[in-house]
Amino acid sequence: MDQKKTKKIFIETYGCQMNFSDSEIVASVLSGHGYTTTEDIFLADIILVNTCSIRDNAEQRVKKRLQHFRSMKKKNPGLIIGLLGCMADRLKTLFLEEEQLLDIIAGPDAYRDLPRLLEQVESGQRGVNTLLSMEETYADITPVRLAGNGVSAFISIMRGCENFCSYCVVPSTRGKERSREADTIVQETKMLFEQGYREVTLLGQNVNSYKWDEGDQTISFASLLGRIAEVNPLLRIRFATSHPKDISDDLLKTIAAHPNICKAIHLPVQSGSSRVLNLMNRKYTREEYMERVESIRRIIPGCAISTDIITGFCGETEEDHKETISLMKWARFDYAFMFKYSERPMTLAAKSLKDDIPDAVKERRLTEVIDLQQTLSFKSNQQDLNRVFEVLIEGDSKRSGEHFMGRNSQNKVAVFPKTNAKPGEYLKVKINSFTSATLLGAVI
Ligand code: SAH
Ligand code: SF4
Ligand code: F3S
């Protein structure tokens, strides 16, 4: 009989939603092998850090955390520390040889191998696997939902990316693009609904290129979305991220046709200048992006549009920057994630373009972009005043136990006084006040 006591794992996750979804796969893989997760780091026998490489500051944050784990390990030499995710391959030599801190290093496609890597560590060796795979999608693994609200869950529908935007590290950290078998996605959705979940977010770096061959039929992202929407009308569906170069009218029509597919599209523009977009290898122009926004507004009235913007990319002139500002005003984005350009090793830009915009200029342009978005978000919320939205309750508001927080279809957070309803139920909420980040209202 196996006398080993169940070991406790603490997983700390950085980066995008896909990484959070991966941590749930890690928890699932290990729970089948006598491990369990804990939310208390001080109870952990094993600490796994799931890392992100997207910008330099993301990596710096992880490095600082590792210093902290080093001091924990000094006090408790039996503590096992593992580094997972997008930093794994790039930093494995550095950390293993120079820092002597990590027991395990596993890349995004190596999580099935974690039980073996842990065994290696138990026998006194280090466990390292950063191989990328052509086909791994973890399709058969049912994720263990970590620290969620029991109402909304992420489902990874594809992995990797081959768009090679020149600034982006993802194609080298996550490898070849591959889609997950459609049936397993539908099954996972059904199971989540039965467990009480009422919202799923389908994840991929470029969900529009989802493709699964089933017999003589090819399932596109639009048809997958349609299938998921039919699981139950009470289940909301979101997805991220859409690449502007291939978000089709067909997809927009599918979204419009299903009330439970949320009316919110995240459509990262990155820059408003066609010249910069070309340097970024985004494969669309300013005009083509605008045409897509017009199609969204025409086909899905009332659809929220959010975006990502990078300031100070290689060679960005003041004129280019102004074009970003004018595009933002034109598009009236409801929400945006904004970053200053951070050169990443191994990317096309690092190899062939000069990171020539001084940091102070990147910073100043970023501030201008953030200030403008603040105004746009405020205006967007102002338009919702006195409107009634169907809100899915996610739980208590962060600020007050007497208020619920939930989201409307447009992905805006609404906060309102509690009723007898429970998380997972829908309520009609009339908006009576707002900030640039939140709608405030009351149930009607
Ligand atoms: N797949 C998504 C984005 C993934 S990364 C897409 O294609 O849009 C999330 C965001 O991080 C990007 O949209 C971009 O705005 C930002 N980003 C990526 N690489 C960056 C870099 N090197 N410097 C600054 N921001 C970056
Ligand atoms: Fe990176 Fe571009 Fe792929 Fe998005 S589409 S992950 S920005 S390479
Ligand atoms: Fe995500 Fe960061 Fe990797 S954004 S894909 S965890 S580099």
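Nothing here was measured: the structure is a model prediction, and the numbers come from that model.

What counts and what doesn't
- Residues numbered from 1 in each chain as written.
- Chains lettered and ligands numbered in written order.
- Predicted model: local features only at pLDDT ≥ 70, side-chain atom pairs only at ≥ 80, totals over all residues.
- Heavy atoms only, no water.
- Near = heavy atom within 4 Å.
- Polar contact = N/O pair within 3.5 Å; in protein donor to acceptor, adjacent residues only side chain to side chain.
- Areas by Shrake-Rupley, 256 points an atom, 1.4 Å probe, with all protein chains shown as cover.
- Helix = DSSP H or I, 4+ residues; strand = E, 2+ residues; numbered from the N terminus.
- Nonpolar A, V, L, I, M, F, W, Y, C, P; charged D, E, K, R; others polar.
- Domains from an automatic or database assignment.
- Contact = heavy atoms within 4.5 Å.
- Buried area = accessible area lost by both parts, 1.4 Å probe.
- Pairing = 2+ DSSP bridges.
- Axes fitted to C-alpha atoms, helices over the stretch in contact; angles between N-to-C directions.
- Phe/Tyr/Trp six-rings, centres within 6.5 Å; stacked < 30°, edge-to-face > 60°.
- Lys NZ or Arg CZ within 6 Å of the ring centre and 35° of its normal.
- Core = buried A, V, L, I, M, F, W, Y, C linked by side-chain atoms within 4.5 Å.
- Buried < 20%, exposed > 50% of the residue type's maximum accessible area, 1.4 Å probe, protein only.
- Salt bridge = Lys/Arg side-chain N within 4 Å of Asp/Glu carboxyl O.
- Parallel < 35°, antiparallel > 145°, perpendicular 65-115°, else oblique.
- Right-handed = clockwise from strand over helix to strand, strands pointing away.

**Q** I'm lost on the site of ligand 1 in this one. Help?
**A** Contacts to ligand 1 come from 15 residues, most closely from Tyr 167, Gln 205, Gln 270, Asp 308 and Ser 342. Here an oxygen atom of ligand 1 sits 3.1 Å away from a polar atom, N or O, in the side chain of Arg 55. Here Gln 205 contributes a side-chain N or O atom positioned 2.8 Å from a nitrogen atom of ligand 1. In isolation ligand 1 has 540 Å² of accessible area, and contact with the protein removes 89% of it. Where the shell around ligand 1 is concerned, the elements lending two or more residues are β15 (304-311) and β16 (335-340). When the residues that make up the shell around ligand 1 are grouped by side-chain class, the tally is six nonpolar, four polar and five charged.

**Q** Would you mind going over the site of ligand 3 with me for this structure?
**A** The full set of residues close to ligand 3 is Cys 16, Asn 19, Cys 52, Ser 53, Ile 54, Cys 86, Val 170, Arg 174 and Gln 205. Class assignment for the residues of the shell around ligand 3 results in five nonpolar, three polar and one charged. Of the domains in this structure, domain 1 (3-129) and domain 2 (152-382) are the two that each give at least three residues to the shell around ligand 3.

**Q** Can you walk me through the domain arrangement of the protein chain in this structure?
**A** Note: interface size is frequently given as the accessible area lost on complex formation between the parts. We note that the domain assignment places domain 1 (3-129), domain 2 (152-382) and domain 3 (388-443) within the protein chain. Counting from both sides, the interface comprises 18 residues of domain 2 and, opposite them, 18 residues of domain 3. Buried area between domain 2 and domain 3, summed over both chains or domains, comes out near 1400 Å², and the portion from carbon and sulfur atoms is 50%. Of all residues in domain 2, the largest losses of buried area upon contact with domain 3 belong to Arg 236, Arg 238 and Asn 381, amounting jointly to 42% of the total for that side. Applying the counting criterion to the domain 2 and domain 3 interface returns 12 residue pairs in polar contact (both at pLDDT 80 or more). Listing elements by their share of the side of domain 2 that touches domain 3, those giving two or more residues are β13 (236-240) and α13 (359-382). Of the residues forming the side of domain 2 that touches domain 3, the biggest block, six residues, is contributed by α13.

**Q** Would you take a moment to explain the sheet that holds β13 for this structure?
**A** To summarise the sheet geometry, strands pair through backbone hydrogen bonds and adopt either a parallel or an antiparallel arrangement. In spatial order, the strands read β7-β10-β13; together these three strands make up an open sheet with parallel pairing. Both outer strands of the open sheet, β7 (152-156) and β13, are each paired with one neighbouring strand and no more. Across the sheet, the axes of successive neighbouring strands diverge by a mean angle of 25°, strand direction being ignored. When strand β10 (residues 199-203) meets β13, the two strands line up parallel, connected through five bridges. Paired with Leu 203 across the bridge in β13 is Ala 240. The strands touched by helix α6 (residues 182-194) are β7 and β10; relative to β7, the strand with the most contacts, the crossing angle is about 165°.

**Q** Honestly, the environment of Ala 349 in this entry has me stumped. Any pointers?
**A** If you trace the backbone, Ala 349 turns up in helix α12 (residues 348-352). With 51 residues separating them along the chain, Ala 349 and Arg 298 place their C-alpha atoms 36 Å apart. Ignoring anything within four residues of it in the chain, the contact list for Ala 349 reads Ser 166, Tyr 167, Phe 313, Tyr 341 and Glu 343.

**Q** What is the right way to look at the packing of aromatic side chains in this model?
**A** Here the distance between the centres and the angle between the planes together describe a pair of aromatic rings. On inspection of all chains with the given rule, the structure shows nine aromatic pairs. Ring pairs connect the aromatic residues Tyr 167, Phe 313 and Tyr 341, which therefore count as one cluster. When the ring centre of Phe 339 is taken as reference, the NZ or CZ atom of Arg 55 above it lies at 3.7 Å.

**Q** Which parts of the structure should I look at to understand the nonpolar core?
**A** Generally speaking, nonpolar side chains in soluble globular proteins are found buried as a group. Judged by nonpolar contacts, the single largest core of 67 residues is most densely connected at Ile 157, Leu 202, Phe 221, Leu 224 and Ile 265. Residue contributions to this core peak at six residues, all from helix α7 (residues 221-229). Within the second largest apolar cluster, 22 residues are counted, among which are Val 29, Ile 104, Ala 110 and Tyr 138.

**Q** I tried to follow the pattern of salt bridges on my own but got confused; where do I start?
**A** In a structure, side chains of opposite charge can pair up when their charged atoms sit close to one another. Inspection of the entire model under this criterion finds 36 salt bridges. Between Asp 109 and Arg 159 there is a salt bridge; the shortest N-O distance is 3.6 Å. Of this pair, Asp 109 sits in the loop between β5 (104-106) and α4 (114-122) while Arg 159 is found in strand β8 (residues 158-159), placing the two residues 50 residues apart along the sequence. We note that Asp 109, like Arg 159, is buried.

**Q** Hey, could you run me through the packing of helix α10 (residues 286-299) against helix α11 (residues 318-331) in this one?
**A** Between two packed helices, what matters for the description is the angle formed by their axes and the separation of those axes. Closest axis-to-axis distance for the α10/α11 pair is 11 Å, and the angle between their directions is 10°. If you check the angle between α10 and α11, you find them roughly parallel. In this structure, α10 contributes Arg 286, Tyr 289, Met 290, Val 293, Glu 294 and Arg 297 to the contact, and α11 contributes Glu 323, Ser 326, Leu 327, Trp 330 and Ala 331. In terms of residue class, the contact of α10 with α11 is made up of six nonpolar, one polar and four charged.

**Q** Honestly, the pairing of strand β1 (residues 7-13) in this entry has me stumped. Any pointers?
**A** On a regular strand, one side chain projects to one face of the sheet and the next to the other, so that they alternate. Most of β1 is tucked away, with five of its seven residues classed as buried. Strand direction decides the pairing type here: β1 and strand β2 (residues 35-37), joined by three bridges, are parallel. Looking across to β2, one finds that Lys 7 is bridged to Tyr 35. Following the backbone out of β1, through helix α1 (residues 17-31) and into the adjacent parallel β2, one traces a crossover that is right-handed. Bridge count between β1 and strand β3 (residues 46-51): five bridges; the pairing is parallel. Across the sheet, the residue bridging to Ile 9 is Ile 46, located in β3.

**Q** Help me understand the sheet that holds strand β21 (residues 439-443) in this model?
**A** One closed barrel accounts for five strands, arranged β17-β18-β19-β21-β20; its pairing is mixed. When the angles between neighbouring strand axes are averaged without regard to direction, this sheet yields 50°. Across four bridges, strand β17 (residues 388-396) lies against strand β18 (residues 403-407) in antiparallel orientation. Within β18, the residue paired with Leu 392 across the bridge is Arg 407.

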